[in-house]
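# Remarks on the overall topology
Given next are the chains, with one letter for each unit.
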Amino acid sequence: MSEGAAVARVVVDVMLKPEILDPQGQAIARKLPQLGFDGIVAVRQGKRFEVELEGEADEAALERVGKIAETLLANPVIENYELRVL
């Protein structure tokens, strides 16, 4: 990449689908009251990826990152993902 070239950063947030059991999130939610954090109803655990792209985060670039998310970053059977440009 040449110096001064535009770089876009796209965040990919990956979360378990709502119907999928999240034992890690449940364990955290159970522990919170013991640590003095009351009023928390639920916790869901997920993953965040930051993808840096050459150029602008245009529609084609976001489509490419979406394909990456579907292929490698998320398991579409049990996970959803969202893209957003930073």
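Residues numbered from 1 in each chain as written. Predicted model: local features only at pLDDT ≥ 70, side-chain atom pairs only at ≥ 80, totals over all residues. Heavy atoms only, no water.

Rules: UniProt positions are given in the numbering used here, feature names are shortened, and annotations may be inferred rather than shown by experiment.
Under the annotation held in an unreviewed UniProt entry, the chain carries the name Phosphoribosylformylglycinamidine synthase subunit PurS and is attributed to Actinomadura soli. Note on the chain: under the UniProt heading Pathway (unreviewed entry), the record states "Purine metabolism; IMP biosynthesis via de novo pathway; 5-amino-1-(5-phospho-D-ribosyl)imidazole from N(2)-formyl-N(1)-(5-phospho-D-ribosyl)glycinamide: step 1/2." Entered under Sequence similarities (unreviewed entry) in the UniProt record, the comment concerning the chain runs "Belongs to the PurS family."

## Some remarks on the overall build of the chain
Note the cut-off: Secondary structure elements are defined from DSSP: runs of H or I of at least 4 residues count as helices, runs of E of at least 2 residues count as strands, and each element is numbered from the N terminus. Radius of gyration: C-alpha atoms only; globule rule: 2.2 Å multiplied by the number of residues to the exponent 0.38. Exposure is judged per residue with a 1.4 Å probe applied to protein chains only, and the accessible area is read against the type maximum: over 50% gives exposed, under 20% gives buried, and values in between give partly exposed. We call two residues in contact whenever any of their non-hydrogen atoms come within 4.5 Å of each other. Methods summary: accessible areas were calculated by the Shrake-Rupley approach with a probe of 1.4 Å, and residue burial reflects only the protein chains presented. Only four residue types enter the tally: Lys and Arg on the positive side, Asp and Glu on the negative side, with His and both chain ends excluded. Taken as the charge location is NZ of Lys, CZ of Arg, CG of Asp or CD of Glu.
Secondary structure summary: the chain contains 2 helices and 3 strands in total. Listed N to C, the secondary structure of the chain is β-α-β-α-β in terms of helices and strands. In summary, the chain has a C-alpha radius of gyration of 17 Å against a globular reference of 12 Å for 86 residues, an excess of more than 25%. Counting only C-alpha atoms, the chain reaches 50 × 30 × 15 Å along its principal axes. Buried positions account for 23% of the 86 residues belonging to the chain. Pairs at least 24 apart in sequence give 76% of the contacts found in the chain among residues at least 6 apart. Here the chain has roughly 6,300 Å² of accessible surface; of this, 54% comes from carbon and sulfur atoms. Each charge sign in the chain was given a centre, from 10 positive and 15 negative side chains, and these centres are 9 Å apart.

## Let's talk about the sheet that holds strand β3 (residues 79–85)
Condition: A strand pair is defined by DSSP finding two or more bridges across the two strands. To get an axis, fit a line to the C-alpha atoms, keeping to the stretch in contact for a helix; angles then go from 0 to 180 degrees between the N-to-C directions.
Across the sheet, which stays open at both edges, the 3 strands sit in the order β2-β1-β3 with antiparallel pairing between neighbours. Two strands close off the open sheet at either side, each with one partner strand: β2 (46–54) and β3. The average undirected angle you get between the axes of adjacent strands in this sheet is 20°. Of the pairings in the sheet, the one linking strand β1 (residues 7–16) to β3 comprises 7 bridges and is antiparallel in character.

## A few points about a negative patch on the surface
Keep this limit in mind: Here a patch means residues that are over 30% exposed by relative accessible area and free of salt bridges, tied together within 9 Å if like-charged and within 5 Å if nonpolar (Val, Leu, Ile, Met, Phe, Trp, Tyr). The salt bridge criterion pairs a side-chain nitrogen of Lys or Arg with a carboxyl oxygen of Asp or Glu, the two atoms within 4 Å.
Judged by side-chain charge, Glu 56, Asp 58, Glu 59 and Glu 63 come together as a negatively charged surface patch. Overall, Glu 59 belongs to the exposed group, its relative accessible area being 69%.

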